[in-house]
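What follows is the residue order along each chain.
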Protein chains: 2
Amino acid sequence: MTDAPIINRLALIGTGLIGGSIARAARASGAAKTIVATARSPETRKRIRELGFANQVTETNAEAVRDADLVIVSIPVGASGPVAKEIAPNLKPGAILSDVGSVKGSVVRDMSPFVPAGVHFIPAHPVAGTENSGPDAGFAELFVNRWCILTPVQGTEEPAVETLRAFWEKIGANVQVMTPEHHDLVLAITSHLPHLIAYTIVGTANELGEVTESEVLKFSAGGFRDFTRIAASDPTMWRDVFLHNKDAVLEMLGTFNEDLSKLTRAIRRGDGNALFDHFARTRAIRRGIVNIGQDSAVPDFGRQHAPLPMAPIARPYASDDD
Amino acid sequence: MTDAPIINRLALIGTGLIGGSIARAARASGAAKTIVATARSPETRKRIRELGFANQVTETNAEAVRDADLVIVSIPVGASGPVAKEIAPNLKPGAILSDVGSVKGSVVRDMSPFVPAGVHFIPAHPVAGTENSGPDAGFAELFVNRWCILTPVQGTEEPAVETLRAFWEKIGANVQVMTPEHHDLVLAITSHLPHLIAYTIVGTANELGEVTESEVLKFSAGGFRDFTRIAASDPTMWRDVFLHNKDAVLEMLGTFNEDLSKLTRAIRRGDGNALFDHFARTRAIRRGIVNIGQDSAVPDFGRQHAPLPMAPIARPYASDDD
């Protein structure tokens, strides 16, 4: 890995959690020499200037991409087509055009028609995030040890793919290449279905006649609060994900429903062995994720616990049975 | 709050995550003067002695409860009846008998018949835990700011309830009293259903033909890894929860399935407004949980991020557009 910037001029369209983190990471790692950012609203552009993570803030998307060597579009996937149309005339020959959307098939379909000859279009998806959104939510370390998936379309020139790979590696990510279709299937199970389930159960809990909202909140440490974190993710982004990855999500949902029916039947019939066997299997998957460094082994995600109130000085305990 | 111990002699049957945390917390806070612990296996008893969180370790449950002022049974709820039968003859008149089970209706049904006259039977459930189990998993701060629910049966003497309340408050918990039936309904939605859903989806992800297990693990940061934490909880404990709170779980599951069907229909029909409205509502619930101190506002549960590799010294960025 060299210390020279991978990218001379980086243009970021959209500077929310992901775009803003790319800016901070590219700056901190030296992956880009100059960073140009833009956002739709004047308030956000003002905030980008205050946060200082870009060298230049432009009024329009078209202006931002002028002379850029790498353009990364970080907006809800539903807006991909219109933005591609808007920036296309200003893209420099030889530039790389990429994105960060959670769906890749629809991004290829919606953006490709506008990409000028001589521009390398390489859709991407860094599998990383938090429940927060907006330009203040980003941070430079977001992509460290996370995976960024590249889904180049057929005929993409290899050196352009290697440049984009080098950029993501420089800001800490691991890179894997796959087809857009396979990406959408993988993410349907590792991200989209979990979000849909979380959004559902949090809604269910909020509309029960027999259990009050206050009780749901108070006793949420029993497991429910974990689901509320991802159900607090950006509504626009997630609306677009489900609208644009409909087929894969519905397919995974079908399998999930079958599995839920099986466990429901085991509960109804009192089949303790079936439940135990299932629960013992899933425990092993957690270990797998921790072992490959995709989550921490610290209990409870490392949530902090306040100290005991008024704890006296710990006194040694004399054991009186040995 | 006084510094005098609330309980003179505390007996703990079962010293896993919860029992072991009670022991450590009672010791650190001075809530109990003497702690007697026991466990079924010789290995666990040996480990309790090594960890040193009890003054005395007995071979049998019956022996542990002799002369105890408070007995807390911390075992999978399916074993509640047999253990109550085993310890009943040795319970001291005036003693409080309690437990920590995640289901209360079945515990009342299974333990009550064995409780001798003069013993105060007050089932309890501290809504706290981690995905780990065993005597090494406990820690003194587990109950701080968490809720402990007491479900005294009709006719329980108030002073006994107040003593048990004082004990839990001394080790950091908030206490609420409700009926066993209402407890089982509340926990079905805030704990049991979330666990069932997590166990299901983690199993689903593990058995897909089109997406490999390796891909599921690598790209789990998209949301899936959150579910694997609670799907790593103790299989025996959770088998018993579902077998003993069957009715309430099946009822909540019915409502969840209806809600999932509604969101599925919105996806199938491309109804973006319905999706957006739902997702915006659930975001507010997360804020409610954070506002009452039942989870942290730190993004991503406060998961730690490794620093960027080889980050050069941050250089000031001259903004060239203002």
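Just so we're clear, the structure is a prediction, and the values are computed from it rather than from any experiment. Sequence positions are assigned chain by chain, starting from 1 and proceeding in written order. Working convention: letters from A go to chains and numbers from 1 go to ligands, in the order in which they are written. Local features in this predicted model are restricted to residues of pLDDT 70 or higher, and side-chain atom pairs are both shown and tallied only at a pLDDT of 80 or more, whereas totals for entire chains, interfaces and linings draw on every residue. The side-chain figures draw on all heavy atoms in the structure; neither hydrogens nor water molecules are used.

Draft legend 1. View of the overall build of chain A. Each helix is a run of DSSP H or I of at least 4 residues and each strand a run of E of at least 2, with the numbering of both proceeding from the N terminus. In terms of helices and strands, chain A carries 12 helices and nine strands. Structurally, chain A occupies a C-alpha span of about 80 × 50 × 40 Å along its principal axes. Residues classed as buried in chain A amount to 58% of the 322 residues present. Of the contacts formed within chain A by residues at least 6 apart in sequence, a portion of 74% connects residues at least 24 apart. Computed with the Shrake-Rupley method and a 1.4 Å probe, the accessible areas treat only the protein chains shown as cover for residues. Split by element, the accessible area of chain A, about 12100 Å² in all, is 51% carbon and sulfur. Positive and negative side-chain charges in chain A, numbering 32 and 37 respectively, have mean positions lying 2 Å apart. Burial classes: relative accessible area under 20% of the type maximum marks a residue as buried, over 50% as exposed, and values in between as partly exposed (1.4 Å probe, protein chains only). For this analysis, residues touch if any pair of their heavy atoms sits within 4.5 Å. We treat Lys and Arg as the positive residues and Asp and Glu as the negative residues; His and chain ends play no part in the count. We put the charge of a Lys on NZ, of an Arg on CZ, of an Asp on CG and of a Glu on CD.

Draft legend 2. Looking closely at the interface of chain B and chain A. On the chain A side, the residues contacting the 139 residues of chain B number 139 residues. Note on terms: buried area is the combined drop in 1.4 Å-probe accessible area of two parts once they are placed together, counting the loss on both. Together, the buried faces of chain B and chain A total about 12700 Å²; carbon and sulfur atoms form 65% of this surface. The rule for a salt bridge is simple: a side-chain nitrogen of Lys or Arg has to be within 4 Å of a carboxyl oxygen of Asp or Glu. In this assembly, chain B and chain A are joined by 10 salt bridges. Taking the shortest distance from any N to any O, the salt bridge between A:Asp295 and B:Arg225 comes out at 4.0 Å. Counting of polar contacts relies on pairs of N or O atoms within 3.5 Å, with two restrictions inside protein: one atom must be capable of donating a hydrogen and the other of accepting it, and residues adjacent in sequence are counted only when both atoms are side-chain atoms. Inspection of the region where chain B meets chain A yields 36 residue pairs in polar contact (both at pLDDT 80 or more). Ranked by residues supplied to the side of chain B that touches chain A, first place goes to helix H7 (residues 180-206) of chain B with 20 residues. Of the residues in the side of chain B that touches chain A, the class split is 71 nonpolar, 36 polar and 32 charged. As a working rule, the residues Ala, Val, Leu, Ile, Met, Phe, Trp, Tyr, Cys and Pro are called nonpolar, Asp, Glu, Lys and Arg charged, and the rest polar, with Gly in that last group.

Draft legend 3. Structural detail: the sheet that holds strand E4 (residues 70-73) of chain B. Residue and element names in this part refer to chain B. In space, the six strands of this open sheet follow the order E3-E2-E1-E4-E5-E6, with parallel pairing throughout. Looking along the sheet, the strands with just one partner apiece sit at the ends: strand E3 (56-58) and strand E6 (120-121). Of the strand pairs in this sheet, strand E1 (residues 7-13) and E4 are connected by four bridges, and their pairing is parallel. Bridged to Ile13 within E4 is Val73. Angular values range over 0 to 180 degrees, each being the angle between N-to-C directions of two axes fitted as lines to C-alpha atoms, with helices fitted over their stretch in contact. Against the sheet, helix H6 (residues 158-170) engages E1, E4, strand E5 (96-99) and E6, with an angle of about 50° to E5. Between any two strands, pairing holds if DSSP finds at least two bridges.

Draft legend 4. Looking closely at the packing of aromatic side chains. Pairing of aromatic side chains here covers Phe, Tyr and the six-membered ring of Trp, requires ring centres within 6.5 Å, and sorts the geometry by plane angle: under 30 degrees stacked, over 60 edge-to-face, intermediate tilted. Enumeration according to the criterion identifies 14 aromatic pairs over all chains in this entry. Ring centres of A:Phe301 and B:Phe301 lie 4.4 Å apart, and the angle between their planes is 0°; on these two criteria the pair is classed as stacked. Here B:Phe301 lies in the segment after helix H12 (272-291) and A:Phe301 lies in the segment after helix H12 (272-291), a pairing that spans two chains. Like A:Phe301, the residue B:Phe301 is buried in the burial classification. Look at B:Phe143 and B:Trp168: their rings are 5.1 Å apart centre to centre, the planes differ by 85°, and that puts the pair in the edge-to-face class. Separated by 25 residues along the polypeptide, B:Phe143 in the loop between strand E7 (124-126) and strand E8 (147-150) and B:Trp168 in helix H6 bring together distant segments of the chain. The exposure class assigned to B:Trp168 is buried, which follows from its relative accessible area of 1%.

Draft legend 5. The arrangement of the nonpolar core in detail. What we call a nonpolar core is a set of buried Ala, Val, Leu, Ile, Met, Phe, Trp, Tyr and Cys residues that are connected through their side-chain atoms within 4.5 Å. In this structure, A:Val71, A:Leu97, A:Phe256, B:Val71, B:Leu97 and B:Phe256 are the most contacted members of the largest nonpolar core, which totals 127 residues. In this structure, B:Phe256 is in contact with A:Ile197, A:Thr200, A:Ile201, A:Thr204, A:Phe256, A:Leu260, B:Leu193 and B:Ile197, ignoring residues within four places of it in sequence. Formed by 42 residues, the second largest nonpolar core is a distinct cluster that contains A:Leu17, A:Ala23, A:Ile35 and A:Ala54.

Draft legend 6. The domain arrangement of chain A, seen in detail. Residues and elements named next belong to chain A. As used throughout, domain bounds are those supplied by an automatic or database domain assignment. Examined at the domain level, chain A breaks down into domain 1 (7-178) and domain 2 (183-294). Each of domain 1 and domain 2 was reduced to a C-alpha centroid, and the two centroids are 30 Å apart. With 22 residues of domain 1 in contact, the opposing surface of domain 2 contributes 17 residues. Of the roughly 1500 Å² buried between domain 1 and domain 2 on both sides combined, carbon and sulfur atoms contribute 59%. Looking only at domain 1, the three residues that lose the most surface to domain 2 are Ser102, Val103 and Glu131, adding up to 34% of its buried area. Linking domain 1 with domain 2 are one salt bridge. On inspection of domain 1 and its partner domain 2, the count reaches nine residue pairs in polar contact (both at pLDDT 80 or more). Breaking the side of domain 1 that touches domain 2 down by element, the ones donating at least two residues are helix H5 (105-111), strand E7 (124-127) and strand E8 (147-150). Take the side of domain 1 that touches domain 2: its biggest share by element is four residues, from H5. Partitioning the side of domain 1 that touches domain 2 into residue classes produces eight nonpolar, nine polar and five charged.

Draft legend 7. Spatial organisation of the packing of helix H7 (residues 180-206) of chain A against helix H10 (residues 235-244) of chain A. Residues and elements named next belong to chain A. Orientation of H7 relative to H10, taken along the N-to-C sense of each, is 120°, at an axis distance of 11 Å. For the element pair H7 / H10, the angle class is oblique. Regarding H7 and H10, the two cross each other, and that crossing is left-handed. Residues Ser191, His192, His195, Leu196 and Tyr199 of H7 form the contact with H10, whose own contacting residues are Trp238, Val241 and Phe242. Any angle that is under 35 degrees is reported as roughly parallel, and any over 145 degrees as roughly antiparallel; angles of 65 to 115 degrees are reported as roughly perpendicular and all others as oblique. Each crossing gets its hand from how the near helix is turned against the far one by less than a right angle, where anticlockwise is left-handed and clockwise is right-handed.

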